[in-house]
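Here is what each chain is made of, one letter per residue.
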Amino acid sequence: MRRLRGWMMRIAGLFNREAKDRELNEELGSHLQLHIEDNLRSGMTLEEAQRQAKIQLGAIESIKEAYRDQRGLPVLETLIQDLRFGARMLAKAPGFTAIAVLTLALGVGVSTALYSVVNGVLLHPIPGAEPDRLVSIELCAYDGAERRSGGVTAPALDILLAGPTPFSQLAWWRNLELDLRTEEGLDELTGTAVSPNFFDVWGVLPVFGRTFARDEKTTFSSEGVPEGDTKIVLSHTLWRSLFGGDPEVLGKSIELSGRHFTVIGVMPSYFRFPWGSHTKFWVPAEPPRWPTGRSPDANISVLARLKTGTTFQQAQALLDVTGWRLGLEAVPNKTWVVGKEWNPKKRLGFAVQPVLSMFGDTDLQRTLFCFLGAVGFFLLIACANIANLTLARTEQRQQELAVRAALGAGRGRLARQVLTESLLLAGLGGLVGLCLTPLCLGVMTSLIPQQTVRIRAVGVDGHALGFAVLVCLATGLIFGLAPARHAGGTRLAEALKQAGSRGTAGTAGGRYRGKLVVLEVALTLVLLVGAGLMVQSLVRMLRLNPGFDPKNLMVTKLFLPWQRYQPDNTSNGSRSASSDATCDAVFAQIHDRLAAAPGLEGISFLRPVGRGEYLIEGQSAPVELGCLACGVGATDLFRVQRIPLLAGRLLTTGDGRTDLGGVVINESMARHLWPGQNAVGKRFRSTPGAGDSEAYEVVGVVADTYDRPSGVFYVPDSPAAHWKRSPRYFETLYVRTKAEPSRFIPLLNKEIKAVEPSMRAPEFGLCSRALEESTQGQRTYLAYLMAFAAAALLVSAIGIYGVLSYSVAQRTPEIGIRMALGAGRGKMLGLVLGEGVRLIGGGVAVGLLAAFWLTRLLRSQLYEVSPTDPAALLCGVFVVVGVGLLACLAPAVRATRIDPMTALRQP
Amino acid sequence: MGNKAEVWQGTLALMVLKTLERTGPLHGYGIARQIERTSADVLSVNYGTLYPALLKLEQEGYITSEWGLSESNRKARYYTLTRAGRKQIDKETQEWEQMTAILARFLNPKEGLA
């Protein structure tokens, strides 16, 4: 307690120092006077009295010093002193300070922005307290291996809601698609049906308005349309597109799928859950009812918060008990392998997992961390540079440091002073960098893909600031330690003896600086090689053969309103055979009309059939394959898409036999299942127990297409394929036009509308644009990477130039002597260039080794490029050597211009 | 004047406090003189070392100071003991007595090292 008071008084002693110094002087003066009086009284002469008093008091200056040390906090005072001195020194060298601050600011600004993005999207994606107590619940089957279904079914949800559960809050959501009527027709919007407490569990507030109250839920028909009018919360993007960003949107109503929804709130633009930016709205709902007699879909996702004090394991154990109540009605449909019947020996249960696992996006993760690495390299290079320059300046201050040492400063004190200056520089760089960060942040957030799931805003928060401070400190220490050590090692006698700043003390520093330049060059080389590899990878990706010819090709998805085809007496929401038949007829009509339209080269279609397990003839292990039904004959898919045929023949309608269907497979499937053999003629069948077992024979092999998975085979769209196909009301349509495709869109829409007017207007997309868009993110990212590599190159060049310039300046007398003794200018040029080449060479050697070692980390990012690709390495070396030599040129030329007479006379 | 032993830093504080307890408020020179006298001239205090020690005691709150006039009408800074100071004297006295008692047993081996 007393000691605390003591420390507080010492802090107070930092202020008002002059007044206190005056008081001390007075006190000491009065002390002397009193003593003198006493001495006089005891009979000494005035002179003797004064002398004795002074001797007894002791050395006044050291008393004052001891007093001052006790009064304030010497550490703090020396720190402030060093800071002020450092600031003055930096102000005296504006060029150096400006360059150093700018490079540091760039490094700190960008890395902090990057870290903010990483933090907001990957590390701490969930705001609020205790995000690790949020869990998601799904159904899983125990059947030897555990298989999870990613969601729960409606009956399972009922069991969960009935409780008891180890959760303090439970929310659920489900995909919901509603139609918005626009001038062009029906637009399909993706949204989510949620329990009213959905937003409360996440803890996110809307930008304006409110979220749902407990009682604001509606029931949904099994087609997924709400049965009454209800409230809705809009996403930011939908609000902008529908209402133009009008803040007076609350209370307005919009019509979707025939129902009216009152807008009660708008979510912030960063809330993109659960489908990234595609989630357009949220509607409060009752827990869904599934009609009995049909296997439910496990399409409900559940989110819960653990009660305080409950651990993960306890929650799982309790849910295991709850899981026993799951009956057969809760068994999900289509969850596991299609065609396999539900085995009563399987047990159904619940599984929990932390919700954080939903937020990982490994692609984004890799990209961001890679970028962070690049920025880290840049910072290291900048540090090496600044260290170099600071070392040079420290050498110039040898005399000043020697004087300080002579006056009593210890090595630690000298080192501390130089280090403080470096930290000050780093701090300045950091401050300027933080000003840059908001700018960089805007640019960085554009790197986040649209479909990334996000909940919170990405901004500079406490974590990011902490990171920035850490980076500043680290860089300051990195480039400050070497000069500080050098300053501390000042040898008094030699330094004071020197006439000027040349002499032996220079060589030790010079070697050190040489090493720093080698390091810089090496780092730059690694960075350049990394960037080169990424460029190559991207070029390969862009030139990627899509497997088909995207020119003038459009694709769209057609959804028929199958509900309208129901005969009136079937109201259970299931599709009936008659509605399926109507769908087929409507599609056939559409195809006929489109085929007859002018200006089209061809149309075709693709309908998913489903995935299942199949047994390959001659192989024992079943494989999972998907099946696609495609158009044949006049609407042959491969002809319209121009997918090359590699072996065998294309499909005909005759291949749709029930006993042995003919199929076409793609290249990678052929390679995978029958490596090294001709796949034509091979057979496989569906696994027994899936109803009728179908047998297939491969009749042809086509090239892979980039957007279809590899384990997929094509069957002709025929009645045989029909019965398995689901859903029947959906197909993907391809249209190849003879000229510019977008002109034909109104015509196509007209034809389609003529057949089925109440269908949603299909959105036609250009295949070429889709291809471009898939690489958009990569290209942006690459642009930034190249920018950084270029900046790093510049900084390195400045480093080389700086060191060589300094070296020439140092060696001017030596060069003068050499020239006076007869060496030609050419030889001097060679001397300096030789030094430069040695440095660059050393850097390249170290850099190549490091590149071999480090680029392996990039392997996951590279597409068809080996991490030790020679082209990238050679290119990098070439650029570094070229730029390095250029940087050497100026100092070398300067060396040749040295006039021996002035050089020798130089002090 | 003459060879007097140097004084330990920590004990100086206790000596100052004890002196102030005996004499009442006193200025720096007076305290130094008193300490010299009390130690029967064995200790020689380099008077200057007193001032940082006085400052420390003041920072920790055991003494207070204010400017006043000496007998010879000279301006001087007078130090007074506080209540906390008195308590500290008691505490430290106790500690010292304990320590000397323990040491005494070592230094007088006749008194039972059993």
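Source: prediction; values computed, not measured.

With that out of the way, let us pick up the overall build of chain A. Of regular secondary structure, chain A possesses 27 helices and 21 strands. Out of the 907 residues belonging to chain A, those deemed buried represent 50%. In chain A, the proportion of contacts linking residues at least 24 apart, taken out of those at least 6 apart, comes to 80%.

Turning next to the overall build of chain B. Along the backbone of chain B there are four helices and three strands. Ordered by position in the sequence, the α and β elements of chain B form the string α-β-α-α-β-β-α. When the 114 residues of chain B are sorted by exposure, 42% land in the buried category. Of all intrachain contacts in chain B linking residues separated by at least 6 positions in sequence, the fraction that spans at least 24 positions is 46%. When the accessible surface of chain B is split by element, carbon and sulfur atoms take 55% of a total near 7000 Å².

Moving on to the interface of chain A and chain B. Size of an interface: often given as the accessible area lost when the parts come together. The partner chain B presents 28 residues to the 26 residues of chain A that form the contact. In total, about 2500 Å² of surface goes out of reach between chain A and chain B, with carbon and sulfur atoms giving 55% of it. For B:Arg33, the salt bridge is made with A:Asp38, and the minimal N-O distance between the two is 3.7 Å. Between the two partners, chain A and chain B, sit 13 residue pairs in polar contact (both at pLDDT 80 or more). Looking at the side of chain A that touches chain B, the elements that each hand over two or more residues are α1 (2-12), α2 (17-41), α3 (46-57) and α4 (60-71) of chain A. Looking at the side of chain A that touches chain B, the element that brings in the most residues is α2(A), giving eleven residues. Across the side of chain A that touches chain B, the residue classes tally to eight nonpolar, nine polar and nine charged.

Summed over the entire model, instances satisfying the criterion amount to 19 aromatic pairs over all chains. Plain terms: the ring middles of A:Tyr614 and A:Phe713 are 5.4 Å apart, the flat faces sit at 90 degrees to each other, and that makes the pair edge-to-face. Note that A:Tyr614 is positioned in strand β13 (residues 600-616) and A:Phe713 in strand β19 (residues 712-716), a separation of 99 residues in sequence. The pair formed by A:Tyr614 and A:Phe713 is uniform in burial state, with each residue classed as buried. Seen from their ring centres, A:Tyr696 and A:Phe713 are 5.3 Å apart, and the 50 degrees between their planes marks the pair as tilted. Placement of A:Tyr696 in strand β18 (residues 695-702) and of A:Phe713 in strand β19 is noted, with a sequence separation of 17 residues between them. Exposure remark for A:Tyr696: the relative accessible area of 6% places this residue in the buried category. Following the ring pairs from residue to residue traces out a cluster consisting of A:Trp173, A:Phe198, A:Phe199, A:Trp202, A:Phe212, A:Phe271, A:Phe273 and A:Trp282. For A:Arg404, the ring lying beneath its charged end belongs to A:Phe85, and the centroid distance is 4.5 Å. In this structure, B:Lys75 is placed above the aromatic ring of B:Trp67, and the distance from its NZ or CZ to the ring centre is 4.9 Å.

Here we come to the sheet that holds strand β2 (residues 63-69) of chain B. All names here are of chain B. Ordered by their spatial adjacency, three strands build an open sheet running β1-β3-β2, and the pairing between neighbours is antiparallel. Bordering the open sheet on either side are β1 (26-27) and β2, each of which pairs with just one other strand. When β1 meets strand β3 (residues 75-81), the two strands line up antiparallel, connected through two bridges. Within the sheet, the bridge partner assigned to histidine 27 lies in β3 and is tyrosine 78.

The subject of this paragraph is unusual backbone geometry. Looking along the chain, the bond that leaves A:Phe273 and enters A:Pro274 is cis, with omega of -5 degrees. Among the structural elements, A:Pro274 can be located in the loop between β8 (259-266) and β9 (281-284). Within the chain, A:Asn552 stands out as a residue other than glycine whose phi angle is a positive 60 degrees. The residue A:Asn552 is located in the loop between α16 (505-542) and β12 (553-559) in this model. Residue class for A:Asn552 comes out buried when judged on its relative accessible area of 19%. One non-glycine residue, B:Asn73, lies in the positive phi region at around 60 degrees. Assignment of secondary structure puts B:Asn73 in the loop between β2 and β3. The exposed category is assigned to B:Asn73, whose relative accessible area is 60%.

This part covers the environment of A:Leu134. Residues and elements named next belong to chain A. Relative to the helices and strands, leucine 134 resides in strand β1 (residues 134-143). For leucine 134, a relative accessible area of 0% corresponds to the buried category. In this structure, the C-alpha to C-alpha distance between leucine 134 and proline 284, residues 150 residues apart in sequence, is 21 Å.

Here B:His27 shows up in strand β1. The exposure class assigned to B:His27 is buried, which follows from its relative accessible area of 7%. Setting aside anything within four residues of it in sequence, one finds B:His27 in contact with A:Leu34, B:Ala76, B:Arg77 and B:Tyr78.

Another aspect to go through is the state of the cysteines. Residue and element names in this part refer to chain A. Scanning the entire structure with this criterion turns up zero disulfides over all chains. For cysteine 383, which is in no disulfide, the shortest distance to another cysteine sulfur is to cysteine 472 and amounts to 10 Å. For cysteine 472, a relative accessible area of 13% gives the class buried.

Moving on to the nonpolar core. As a rule of thumb, nonpolar side chains are buried together in soluble globular proteins. All names here are of chain A. The biggest cluster of nonpolar side chains holds 72 residues, and the ones touching the most others in it are Val117, Phe371, Met444 and Ile800. Of all the secondary structure elements, the ones that give two or more residues to this core are α6 (94-123), α11 (362-396), α13 (411-445), α16, α23 (776-810), α24 (812-820), α25 (825-854) and α26 (870-896). The contact partners of isoleucine 800, leaving out residues within four places of it in the chain, are Val517, Val521, Ile840, Gly884, Ala887 and Cys888. Ile137, Ile254, Ala330 and Phe350 belong to the second largest nonpolar core, which has 44 residues in total.

Residue and element names in this part refer to chain A. Per the stated rule, a full pass over the model turns up 30 salt bridges over all chains. Aspartate 82 is paired through a salt bridge with arginine 413; the nearest N and O atoms lie 3.1 Å apart. On the criterion of sequence distance, the pair formed by aspartate 82 in helix α5 (residues 74-92) and arginine 413 in helix α13 is long-range, its members being 331 residues apart. Taking the relative accessible area as the measure of exposure, arginine 413 reaches 21% and is therefore partly exposed. Between glutamate 731 and arginine 607 there is a salt bridge, with the nearest N and O atoms lying 2.6 Å from each other. Of this pair, glutamate 731 sits in strand β20 (residues 730-737) while arginine 607 sits in strand β13, and the two are 124 residues apart along the sequence.

Next up on the list: the packing of helix α2 (residues 28-38) of chain B against helix α3 (residues 47-59) of chain B. Residues and elements named next belong to chain B. One can describe the packing of α2 onto α3 by two numbers: an axis separation of 10 Å at closest approach and a directional angle of 115 degrees. With respect to their mutual orientation, α2 and α3 come out roughly perpendicular. As for the relative orientation of α2 and α3, their crossing is right-handed in sense. Where α2 approaches α3, its residues Gly28, Tyr29, Ile31, Ala32, Arg33, Ile35 and Glu36 are matched on the opposing element by Tyr47, Leu50, Tyr51 and Leu54. Residues of the contact of α2 with α3, tallied by class, amount to eight nonpolar, one polar and two charged.

In this section: a positive patch on the surface. Among the surface-exposed residues, A:Arg2, A:Arg5, B:Arg83 and B:Lys87 lie close enough to one another that they form a single positively charged patch. When residues of the positive patch are traced back to their parent elements, those giving at least two are α1 of chain A together with α4 (83-107) of chain B. As for its position among the elements, A:Arg2 is in helix α1. Overall, A:Arg2 belongs to the partly exposed group, its relative accessible area being 32%.

Turning to α5(A), a few remarks are in order. When the terminal C-alpha atoms of α5(A) are compared, their 27 Å separation across 19 residues agrees well with the 27 Å that a helix rising 1.5 Å per residue should span. Buried residues along α5(A) sit in contact with α2, α6, α11, α12 (398-406) and α13 of chain A.

In this section: the side chain of A:Asp717. Residue and element names in this part refer to chain A. Tracing the chain through its elements places aspartate 717 in the loop between β19 and α20 (719-722). Judged by relative accessible area, which is 16%, aspartate 717 ranks as buried. There is a polar contact of 2.5 Å between the side chain of aspartate 717 and the side chain of arginine 607.

Taken over all residues, the pLDDT of chain A has a mean of 80, while the share at 70 or more is 89%. Of the regions scoring below 50 in pLDDT, residues 499-505 of chain A engages in eleven contacts with residues more than four places distant in sequence or in other chains.

Looking now at the environment of A:Gln56. All names here are of chain A. Secondary-structure assignment places glutamine 56 in helix α3. Owing to a relative accessible area of 13%, glutamine 56 belongs among the buried residues under this scheme. The spatial distance from the C-alpha of glutamine 56 to the C-alpha of leucine 32 is 9.4 Å, given a sequence separation of 24 residues.

Quick notes on the rules
Residues numbered from 1 in each chain as written. Chains lettered and ligands numbered in written order. Predicted model: local features only at pLDDT ≥ 70, side-chain atom pairs only at ≥ 80, totals over all residues. Heavy atoms only, no water. Helix = DSSP H or I, 4+ residues; strand = E, 2+ residues; numbered from the N terminus. Buried < 20%, exposed > 50% of the residue type's maximum accessible area, 1.4 Å probe, protein only. Contact = heavy atoms within 4.5 Å. Areas by Shrake-Rupley, 256 points an atom, 1.4 Å probe, with all protein chains shown as cover. Buried area = accessible area lost by both parts, 1.4 Å probe. Salt bridge = Lys/Arg side-chain N within 4 Å of Asp/Glu carboxyl O. Polar contact = N/O pair within 3.5 Å; in protein donor to acceptor, adjacent residues only side chain to side chain. Nonpolar A, V, L, I, M, F, W, Y, C, P; charged D, E, K, R; others polar. Phe/Tyr/Trp six-rings, centres within 6.5 Å; stacked < 30°, edge-to-face > 60°. Lys NZ or Arg CZ within 6 Å of the ring centre and 35° of its normal. Pairing = 2+ DSSP bridges. Disulfide = S-S within 2.5 Å. Core = buried A, V, L, I, M, F, W, Y, C linked by side-chain atoms within 4.5 Å. Axes fitted to C-alpha atoms, helices over the stretch in contact; angles between N-to-C directions. Parallel < 35°, antiparallel > 145°, perpendicular 65-115°, else oblique. Left-handed = near helix turned anticlockwise from the far one by under 90°. Patch = residues over 30% accessible without salt bridge, like charges linked within 9 Å, V, L, I, M, F, W, Y side chains within 5 Å. Lys, Arg positive; Asp, Glu negative; His and termini not counted. Charge placed at Lys NZ, Arg CZ, Asp CG, Glu CD. Expected span 1.5 Å × (residues − 1). pLDDT = per-residue confidence, 0-100.

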